[in-house]
Amino acid sequence: MDGRRGPASRSVTEPSLGAGADGWILGTWQLLRAEAPLELQAGTRMHFGADQRLEYTIPTPQGALQIALGWRLDGAVLRTQLDDGTNPVEADVGIDAADVMTIRFGGPRAWFVRAR
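Computed from a prediction, not measured in an experiment: that's the story for all the values here.

How each quantity is defined
- Residues numbered from 1 in each chain as written.
- Predicted model: local features only at pLDDT ≥ 70, side-chain atom pairs only at ≥ 80, totals over all residues.
- Heavy atoms only, no water.
- 1 Å grid on protein atoms, 1.4 Å probe; cavity = no way out; pocket = protein on both sides within 12 Å on 5 of 7 lines; lining within 4 Å.
- Points joined across faces, edges and corners; volume = space filled by probe spheres on them.
- Helix = DSSP H or I, 4+ residues; strand = E, 2+ residues; numbered from the N terminus.
- Salt bridge = Lys/Arg side-chain N within 4 Å of Asp/Glu carboxyl O.
- Buried < 20%, exposed > 50% of the residue type's maximum accessible area, 1.4 Å probe, protein only.
- Pairing = 2+ DSSP bridges.
- Core = buried A, V, L, I, M, F, W, Y, C linked by side-chain atoms within 4.5 Å.

*Asks:* Any chance you could explain the layout of surface pockets here in plain terms?
*Replies:* Reported here for the largest pocket is a volume of approximately 330 Å³. Contributing to the lining of the largest pocket are 18 residues, with Tyr56, Leu69, Thr80, Val89 and Phe105 lying nearest its centre. Taken together, the elements giving at least two residues each to the lining of the largest pocket come down to β4 (53–60), β5 (63–74), β6 (77–81) and β7 (89–96). Looking at which element gives the most residues to the lining of the largest pocket, the answer is β7, with three residues.

If you want it as structure tokens, here you go:
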């Protein structure tokens, strides 16, 4: 990451690259906010499983839309794709001292906090 600041001007750092470095991302994260032009809905959640499964839950007027993906971290790059290998996406990811995760989708950023 380039050291830009997230909400409330907190510094974002790269996750450590040691053994088990992926562990910090495990669990459920809820969208805090997203920059335009990202079209992430309020209430969006992402659950990162230890089995390398990522489940997006996106609220809609008709109920929740769920999307299952595979995921992996390569240093500070989050790589996702659909089960059939299509739609690969790469995004820079980091976490700050306040446990806010920032995902940069090529330019626009989204911030997530651990769901309670």
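Next, the rest of the story.
*Asks:* Mind showing me how you'd approach the pattern of salt bridges here?
*Replies:* Close approach of charged atoms lets side chains of opposite charge pair. With the rule as written, the count across this model stands at six salt bridges. A salt bridge links arginine 72 to aspartate 74; its shortest N-O distance comes to 3.2 Å. A residue is classified by how much of its surface remains accessible, and arginine 72, at 44% relative accessible area, is partly exposed. A salt bridge links glutamate 90 to arginine 79; its shortest N-O distance comes to 2.2 Å.

*Asks:* Help me understand the pairing of strand β9 (residues 109–114), please; the structure alone is not making it clear to me.
*Replies:* The side chains of a regular strand alternate, residue by residue, between the two faces of the sheet. As judged from the five bridges shared by strand β2 (residues 27–34) and β9, these two strands associate in the antiparallel manner. For alanine 34, the partnering residue across the bridge sits in β9 and is alanine 110.

*Asks:* Sorry if this is basic, but what is going on with unusual backbone geometry here?
*Replies:* If a residue is not glycine, its phi is most likely negative; likewise, a peptide bond is most likely trans. The peptide bond linking alanine 36 to proline 37 adopts the cis configuration, its omega dihedral lying at 10°. Secondary-structure assignment places proline 37 in the loop between β2 and β3 (45–48). Although it is not a glycine, glutamine 52 sits at a positive phi angle of roughly 65°. Here asparagine 87, not a glycine, exhibits a phi torsion of approximately 55°, which is positive. With respect to the helices and strands, asparagine 87 occurs in the loop between β6 and β7.

*Asks:* In this structure, what is going on with the pairing of β2? I would like to understand it.
*Replies:* Bridging between β2 and β3 involves four bridges; their strand directions are antiparallel. Opposite threonine 28, over in β3, you have histidine 47 as the bridge partner.

*Asks:* Help me understand the nonpolar core in this model?
*Replies:* Nonpolar side chains in soluble globular proteins generally cluster together in the buried interior. Ile25, Phe48 and Met101 are the most contacted members of the largest nonpolar core, which totals 19 residues. At the level of secondary structure, the elements contributing two or more residues to this core comprise β2, β3, β4, β5, β7, β8 (100–104) and β9.

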